[in-house]
Amino acid sequence: MAYKDLREFIAKLEEEGELVRIKKEVDWDLEVGAIIRRSYDLMAPAPFFENIKGYGNGFKILGASAGVSNKPNRYFARLALSLGMNPESKISDIIEEYIKRRKNPIKPVIVSDGPCKENIDIGDEVNLYKFPTPVIHEGDGGRYIGTWHIVVTKDPDSEWVNWGMYRLMIHDEKTMGGIIAPPQHIGQMYYQKYEARNKPMEFAVAMGGDPVIAIVACSMLPPYVNEVDVAGGLRGEPVELVKCETVDLYVPATSEIVIEGEVLPYERKEEGPFGEYVGYRASERSPKPVYHVKAVTYRNDPILPVSCMGVPVDESAAVVPITNSAEILNELREQGLPIKMVYCPPEGVSHMASVSIKVSYPNFAKKVAYSLWATKPGIYLPYVVVVDDDVDVTNMVEVIHAFCVKCHPYRGIYKFKDSPTYPFLMPFLSPENRLKGTDGGYALFDCTWPKQWPPEAIPKKASFDVLWPKDIQEKVLKNWKDYGYK
Ligand SMILES: Cc1cc2nc3c(=O)[nH]c(=O)nc-3n(C[C@H](O)[C@H](O)[C@H](O)COP(=O)(O)O)c2cc1C
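The following refers to the structure shown. All of these numbers come straight from a predicted model, not from anything done at the bench.

1. Topic: the sheet that holds strand β23 (residues 442–447)
In space, the 5 strands of this open sheet follow the order β19-β20-β21-β23-β22, with mixed pairing throughout. Whereas interior strands pair on both sides, the edge strands pair on one side only; in this sheet they are β19 (339–343) and β22 (413–416). Going from strand to strand, the sheet's axes swing by 15° on average, the running direction of each strand aside. Of the pairings in the sheet, the one linking strand β20 (residues 352–357) to strand β21 (residues 383–388) comprises 6 bridges and is parallel in character. Directly across from S354, in β21, lies its bridge partner V385.

2. Considerations on the layout of surface pockets
Its volume calculated, the largest pocket comes out at about 610 Å³. Around the largest pocket, the lining is made up of 21 residues, and of these D388, D390, K406, W449 and I458 lie nearest the centre. Here the element with the most residues in the lining of the largest pocket is helix α10 (residues 396–406); it accounts for 5 residues. Across the lining of the largest pocket, the residue classes break down as 11 nonpolar, 1 polar and 9 charged.

3. Notes on the packing of aromatic side chains
According to the stated counting rule, one finds 20 aromatic pairs in the structure shown. Where W373 meets Y442, the ring centres are 4.3 Å apart and the plane angle is 5°; that geometry is what we call stacked. Here W373, found in helix α9 (residues 364–373), pairs with Y442, found in strand β23; they are 69 residues apart in sequence, far enough to count as distant. The pair W373 / Y442 is uniform in exposure class, with both members buried. Feature note: the residues Y55, F59, F131 and Y298 constitute an aromatic cluster, connected by ring pairs. Here the basic side chain of R143 rests over the ring of W28, its NZ or CZ set 3.5 Å away from the ring centre.

4. Quick look at the pairing of strand β5 (residues 119–122)
If a strand is regular, its side chains alternate between the two faces of the sheet. Burial along β5 is one-sided: N119 and D121 are buried, while I120 and I122, pointing the other way, are not. Note that β5 and strand β17 (residues 290–298) share 4 bridges and pair antiparallel. Its bridge partner lying in β17, I120 is registered against T297.

5. With respect to the site of the ligand
Near the ligand, the surroundings consist of 21 residues, among which M165, Y166, R167, H185 and K376 are the closest. N162 places a side-chain nitrogen or oxygen 2.9 Å from an oxygen atom of the ligand. The contact in question runs from an oxygen atom of the ligand to an N or O atom on the side chain of K376, over 2.6 Å. Isolated, the ligand exposes 630 Å² of accessible area, and the fraction of that covered by the protein chains is 94%. When each cavity is represented as a set of grid points, the ligand is found to reside in the largest cavity. Looking at the shell around the ligand, the element that brings in the most residues is strand β8 (residues 161–164), giving 3 residues.

6. So, the packing of helix α4 (residues 91–102) against helix α8 (residues 315–334)
Closest axis-to-axis distance for the α4/α8 pair is 9 Å, and the angle between their directions is 60°. Classified by chirality, the crossing of α8 by α4 is right-handed. Counting all contacts with α4, which are made through I91, I94, I95, E96, Y98, I99 and R102, the residues of α8 involved are I322, T323, S325, A326, E327, L329, N330 and R333. In the contact of α4 with α8, the residues fall into 8 nonpolar, 3 polar and 4 charged.

7. Remarks on the sheet that holds strand β2 (residues 46–49)
Neighbouring strands of a sheet are bound in pairs by backbone hydrogen bonds; such pairs are parallel or else antiparallel. What the 4 strands build is an open sheet, ordered β1-β2-β3-β18; its pairing is mixed. Of all strands in the sheet, those bounded by a partner on one side alone are β1 (19–22) and β18 (303–306). Between one strand axis and the next, the sheet turns by 20° as a mean value, whatever way the strands run. Packed onto the sheet, helix α1 (residues 6–15) meets β1, β2, β3 (60–63) and β18 and runs at close to 105° relative to β1.

8. Some remarks on empty space enclosed by the protein
Within this structure, the stated rule accounts for 3 cavities of 30 Å³ or more. Estimated volume of the largest cavity: approximately 620 Å³. Every residue lining the largest cavity is counted, 33 residues in all, and those nearest its centre are M165, Y166, Q184, Y277 and Y380. Within the residue set of the lining of the largest cavity, elements represented by two or more residues are β8 and α8. Sort the elements by how many residues they give to the lining of the largest cavity and β8 lands first, with 3 residues. Across the lining of the largest cavity, the residue classes tally to 18 nonpolar, 11 polar and 4 charged.

9. A word on the side chain of D5
As for its placement among the helices and strands, D5 is situated in the segment before α1. A polar contact is formed between the side chain of D5 and the backbone nitrogen of E8, at a distance of 2.9 Å. At a separation of 2.9 Å, a polar atom in the side chain of D5 contacts the side chain of R299.

10. A word on a nonpolar patch on the surface
A cluster of nonpolar side chains, namely F464, V466, L467, W468, I472 and L477, defines an oily patch on the protein surface of about 560 Å² accessible area. Elements that contribute at least two residues to the nonpolar patch include exactly α12 (464–467) and α13 (470–478). By the element assignment, I472 lies in helix α13. A relative accessible area of 36% means that I472 is categorised as partly exposed.

Thresholds, definitions, all that
Residues numbered from 1 in each chain as written. Predicted model: local features only at pLDDT ≥ 70, side-chain atom pairs only at ≥ 80, totals over all residues. Heavy atoms only, no water. Pairing = 2+ DSSP bridges. Helix = DSSP H or I, 4+ residues; strand = E, 2+ residues; numbered from the N terminus. Axes fitted to C-alpha atoms, helices over the stretch in contact; angles between N-to-C directions. 1 Å grid on protein atoms, 1.4 Å probe; cavity = no way out; pocket = protein on both sides within 12 Å on 5 of 7 lines; lining within 4 Å. Points joined across faces, edges and corners; volume = space filled by probe spheres on them. Nonpolar A, V, L, I, M, F, W, Y, C, P; charged D, E, K, R; others polar. Phe/Tyr/Trp six-rings, centres within 6.5 Å; stacked < 30°, edge-to-face > 60°. Buried < 20%, exposed > 50% of the residue type's maximum accessible area, 1.4 Å probe, protein only. Lys NZ or Arg CZ within 6 Å of the ring centre and 35° of its normal. Near = heavy atom within 4 Å. Polar contact = N/O pair within 3.5 Å; in protein donor to acceptor, adjacent residues only side chain to side chain. Areas by Shrake-Rupley, 256 points an atom, 1.4 Å probe, with all protein chains shown as cover. Sits in = over half its atoms within 2 Å of the grid points. Left-handed = near helix turned anticlockwise from the far one by under 90°. Contact = heavy atoms within 4.5 Å. Patch = residues over 30% accessible without salt bridge, like charges linked within 9 Å, V, L, I, M, F, W, Y side chains within 5 Å. Salt bridge = Lys/Arg side-chain N within 4 Å of Asp/Glu carboxyl O.

In short, shape yes, function no, at least from these values alone.
Have a look at this one:
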């Protein structure tokens, strides 16, 4: 069953013990950000702020809506619940379910009205400070209104409408700024099409709605895929879209807040810095494109979703690596490669993938790594660890073990100097290269047994399932409680 809006999801999180209502007054200036950050550190329930200083009743903030949980077997509960799955779902089941639904996209339906039109401010009425936008981290360049949202833009030459999540800082009552990175889809549209033709690019920012909407926006889908269709597939029902007031774009009708306008060509204004997904404030204030706001529409008592990015595990680490795992797994399988599972651990902030494979011939790990790097998530993945298919890649204990005993420190590690341009912010690059995304590299850690070894040369794994006869294993499992274990 799909969620109608963010409010239904909030009720579900509360019912599952994954949300705390905070009625005590909190300050949008750093306090909200600090509480969200602390909730990630403790893997505590999502904070729902109902009383924000200076904003009276009505304006609310939801933090950590996709953060991880400290409850046993429920690490990814909020992600699973967002997809309408059992909160105790295994991570490999979430990945396989995502792939299944992703293959059945559902087109949106257009509706004539929706809750996001309950309040409409146009032109002079627009005031972005109307919302309790937080200063999230100390030293941020301003108040960030876009941290868990979608930015809608349309390709001028086709029917491709992109939803992406790109940070947005308030400059003043009617303008915002943020990263428009050339390798990202918004960057391809803006620099290669709109700006190249000296045309403004219309945008719509939407926040709230069904939780899959934000998840799809930050997932690395291929170009020319309409994220709204994927969102429909993930929720099993079409997303209802309503037309914007001042631009020729459509947004989810149950959004909490919608911001519409244009990004003009060749205009830049200083934006940032910001505590980022890499776990550092990894870039300085620098000139970036400007979003001019023509209209804002919002629900009564609007809820602003906020993600407080930083060291893992926050939303970007809990969601993007998992959807990346699914996208890569699907892509590699479609290429006919014998892949068992792909897992980008959240702690690796989308920069590492471990892949379990059935090795077909010598050097097979290299083929897998090259194929992986030629995917959209691959541009973020400097580190690929390839293991044999008896290793559960969703279990880092097994992955680290395989790495430490099977990866030859000289012959098992391959370094590749040539790499496409990374998106901004890679902390291991120099400040100059970090800004341009240049001077990258890739490394493959081959933790598979060499195919050319004869079977008798491969050491036997000293594990319960390998080094004991089947009848003894079965006896021990059958009698486990009789030995006194609970
Ligand atoms: C909270 C959050 C903020 C993000 N901010 C940015 C950003 O400012 N710029 C950017 O290029 N990517 C950002 N990303 C990553 C993109 O959302 C992600 O790469 C997505 O795939 C972009 O959509 P696209 O593939 O359609 O370009 C962010 C992700 C999250 C989870």
